[in-house]
Amino acid sequence: MKLIIAIIKPFKLDEVRDALSSLGVAGMTVTEVKGFGRQKGQTEIYRGAEYSTNMVPKIKVEVVTADDLADRAVEAIQQSANTGAIGDGKIFVLDVGQAVRIRTGETNEVAL
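These numbers come from a predicted model, not from an experiment. (Residues numbered from 1 in each chain as written. Predicted model: local features only at pLDDT ≥ 70, side-chain atom pairs only at ≥ 80, totals over all residues. Heavy atoms only, no water.)

Engineer: Help me out: how do you make sense of the environment of Asp14 in this one?
Structural biologist: Among the secondary structure elements, Asp14 is positioned in helix H1 (residues 13-23). Asp14 sits in the partly exposed class, given a relative accessible area of 44%. Sequence-wise, Asp14 and Ser80 are 66 residues apart; in three dimensions their C-alpha atoms are separated by 9.1 Å. (Helix = DSSP H or I, 4+ residues; strand = E, 2+ residues; numbered from the N terminus. Buried < 20%, exposed > 50% of the residue type's maximum accessible area, 1.4 Å probe, protein only.)

This is the structure:
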């Protein structure tokens, strides 16, 4: 299993969710976050307003998938979150040792 963490622009969330759902991804966790990368306080446009800040609003999407689905999920996120502009985000892929569904006790890929 793989944990895919994607940091994306907020207005791209719906496109990313739709792309992952079309692959059969059953669930995701979404968190509103702030941060910076290479842009380091450059002027950004967010919801039509231009501003300069050290911390830019982003969305963190976390998805756990089976190993065979991970590459397609990463590609789907990359394509749907891409604007071609600075600050499009990053995708991280980590190994998951175990998953347990609390309600039923199912483990690993069955628990997804």
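What follows picks up the thread again.
Engineer: What should I look at first to understand the sheet that holds strand E1 (residues 2-8) in this one?
Structural biologist: As a general point, the strands of a sheet are linked pairwise by backbone hydrogen bonds and lie either parallel or antiparallel. Spatial strand order, E2-E5-E1-E6: four strands in an open sheet with antiparallel pairing. Every interior strand has two partners, whereas the edge strands, strand E2 (29-35) and strand E6 (89-95), have only one. Neighbour to neighbour, the strand axes of the sheet diverge by 20° on average, direction disregarded. Judged from the seven bridges that link them, E1 and E6 form a sheet pairing that is antiparallel. Bridge assignment links Lys2 to a residue of E6, and that residue is Asp95. Seen against the sheet, H1 touches E1, E2 and strand E5 (56-65) and runs at an angle of roughly 10° to E5. (Pairing = 2+ DSSP bridges. Axes fitted to C-alpha atoms, helices over the stretch in contact; angles between N-to-C directions. Contact = heavy atoms within 4.5 Å.)

Engineer: Would you take a moment to explain the side chain of Thr65 for this structure?
Structural biologist: Residue placement: Thr65 occurs in strand E5. Excluding residues that lie within four positions of it along the chain, Thr65 makes contacts with Met1, Lys2, Ile4, Val25, Ala70, Ala73 and Leu112.

Engineer: Please clarify how the pattern of salt bridges should be interpreted in this entry.
Structural biologist: In this structure the tally under the stated criterion is six salt bridges. Residue Lys9 pairs with Asp88 through a salt bridge whose shortest N-O separation is 3.8 Å. Separated by 79 residues along the polypeptide, Lys9 in the loop between E1 and H1 and Asp88 in the loop between helix H2 (67-81) and E6 bring together distant segments of the chain. Since its relative accessible area comes to 10%, Lys9 is described here as buried. With its nearest N and O atoms 3.1 Å apart, the salt bridge here joins Asp14 to Arg17. Of this pair, Asp14 and Arg17 both sit in helix H1, separated by three residues, roughly a single helical turn. (Salt bridge = Lys/Arg side-chain N within 4 Å of Asp/Glu carboxyl O.)

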